[in-house]
Structures are given as structure tokens and as C-alpha cells.
Amino acid sequence: MTTDTELIDSVDRAILELLVEDGRRTMTEIAERVSLSPSAVKRRVDRLERVGVIAGYTVTLDHGKLGSSFEAFVELRFAGDVKVEAITMAATSVPEALEVFTVAGDPDALVRVRVTNVQHLRDVIDRLRRTGAVIGTKTLMVLGAWRRGD
């Protein structure tokens, strides 16, 4: 039995790369780059959306211009009997928490936070500690970042 993702060819991958680089590219611009007609590219993009390969589109913000330029990872440690779901829930009540990664080993979770300054970071860490199940934290300030398109 063939799955939808097995039907993805090199042209689909090229289209995906172009969209990851710039999600606002027009079908005409993509078509020129992959040597297809705009309508053929549109059909391919629609199919990639339908089968879930393209899960959505997003905007990249300059958080420094919005006043929240500090990022950090906060390692969280929990008591041994805490369930993984509870680990994730510990950070969801903190609006500055952008992502929670539960991991095997020590620590139990990494929480990526974005804050305005060091005092704000201190307040966020205090709120994470007050969730009750957190028995230890370690904070790593982000100095720079690079990300490969997903």
C-alpha cells in the first residue's frame, strides 16, 4: 500500500524548500524555479497541504523590535513519580514559555522562554518553580541561534 508521503518527488521537495525559505512566494515565482506552470505548482501545494506535509504557514517576528529580545532555555527537574503530561503542563500556564521539550534523562524538560530582560526572566523562573512539582532548575541564556527549515 502506498502512502501519500511516498508520492513526494524531487519537484515537491524543491517546492517545499522554496516555501520554507519564503512562505510568501507566489505560485508563479515557484513555477519558474521548478520549471512547471503556476497551476501545476498550485495543485502540488494543495496536495501537500491536504496530506499534511505542509502543516501551516507562519510569520517570523523580530522580537527585539517588540521588546522581548531575551531568550533562554530553562531546564526543569521533577520528582521521580511525576507523569510526563504533568511535566508539560507545568509550563503551559506561563505565557512566556514558547515550547516545552520533555526529554529522557536529566533534566526532565527544557522550556524555551522569551522575556524582556533579566528581571523578567527571574520572575518567569520563579513562576515555573511555584508549579509545585519542580524540584530544580538550571537556566541557559541564548546568545545566538540558527535554525534549519523543518
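Note: the structure precedes this text.
Reference entry: report on the structure contained in this document.

Definitions and limits used
Residues numbered from 1 in each chain as written. Predicted model: local features only at pLDDT ≥ 70, side-chain atom pairs only at ≥ 80, totals over all residues. Heavy atoms only, no water. Helix = DSSP H or I, 4+ residues; strand = E, 2+ residues; numbered from the N terminus. Expected span 1.5 Å × (residues − 1). Contact = heavy atoms within 4.5 Å. Polar contact = N/O pair within 3.5 Å; in protein donor to acceptor, adjacent residues only side chain to side chain. Buried < 20%, exposed > 50% of the residue type's maximum accessible area, 1.4 Å probe, protein only. Pairing = 2+ DSSP bridges. Axes fitted to C-alpha atoms, helices over the stretch in contact; angles between N-to-C directions. Parallel < 35°, antiparallel > 145°, perpendicular 65-115°, else oblique. Left-handed = near helix turned anticlockwise from the far one by under 90°. Nonpolar A, V, L, I, M, F, W, Y, C, P; charged D, E, K, R; others polar. Arc of directions from axis to C-beta.

Things to note about helix α1 (residues 10–21)
Helix length check: α1 (12 residues) gives 17 Å between terminal C-alpha atoms against 16 Å at 1.5 Å per residue, within 8%. Next to the buried residues of α1 lie α2 (27–34) and α3 (38–50). The opening residue of α1, the one whose side-chain oxygen lies 3.1 Å from the backbone nitrogen of V11, is D9.

Some details on the pairing of strand β3 (residues 109–115)
Of all 7 residues in β3, 6 are buried; the element is thus mostly enclosed. Across 7 bridges, strand β1 (residues 70–78) lies against β3 in antiparallel orientation. In the sheet register, A72 faces β3, and the bridge partner there is V113. With 5 bridges joining them, strand β2 (residues 97–102) and β3 adopt antiparallel strand pairing. Residue pairing for β3: E99 is matched across the bridge by R112.

Here's the deal with the environment of G136
Here G136 shows up in strand β4 (residues 134–141). Discounting chain neighbours no more than four positions away, the residues touching G136 are E75, L76 and R77.

As for the packing of α1 against α2
Contact pair α1 / α2: the axes reach a minimum separation of 10 Å and the direction vectors enclose 130 degrees. Classified by the angle between their axes, α1 and α2 sit oblique to one another. Considering the relative orientation of α1 and α2, their crossing is right-handed. Side by side, α1 and α2 meet where V11, A14, I15, L18 and L19 of the first sit next to I30, R33 and V34 of the second. Residues belonging to the contact of α1 with α2 are distributed by class as follows: 7 nonpolar, no polar and 1 charged.

Considering α2
Buried within α2 are the following residues: I30, A31 and V34. Seen from one end, α2 has its buried residues packed into an arc of 100 degrees, which puts them on one side. Turned more than 90 degrees from where α2 packs its buried face, E32 and R33 sit exposed. Buried-residue contacts for α2 involve α1 and α3. Of the residues one or two after α2, S35 is the one with positive phi, at around 60 degrees.

Observations concerning the sheet that holds β2
Backbone hydrogen bonds are what pair the strands of a sheet, in a parallel or an antiparallel way. Ordered in space as β2-β3-β1-β4, the 4 strands form an open sheet in which the pairing is antiparallel. Each edge of the sheet is formed by a strand with only one pairing partner; in this case those strands are β2 and β4. Going from strand to strand, the sheet's axes swing by 20 degrees on average, the running direction of each strand aside. Together, β1, β2 and β3 form the strand contacts of helix α4 (residues 84–92), whose direction differs from that of β2 by roughly 165 degrees. Across the sheet, helix α5 (residues 118–129) touches β1, β3 and β4, and the angle it forms with β4 is around 155 degrees.

Geometric descriptors of this kind do not, in isolation, establish any biological role.
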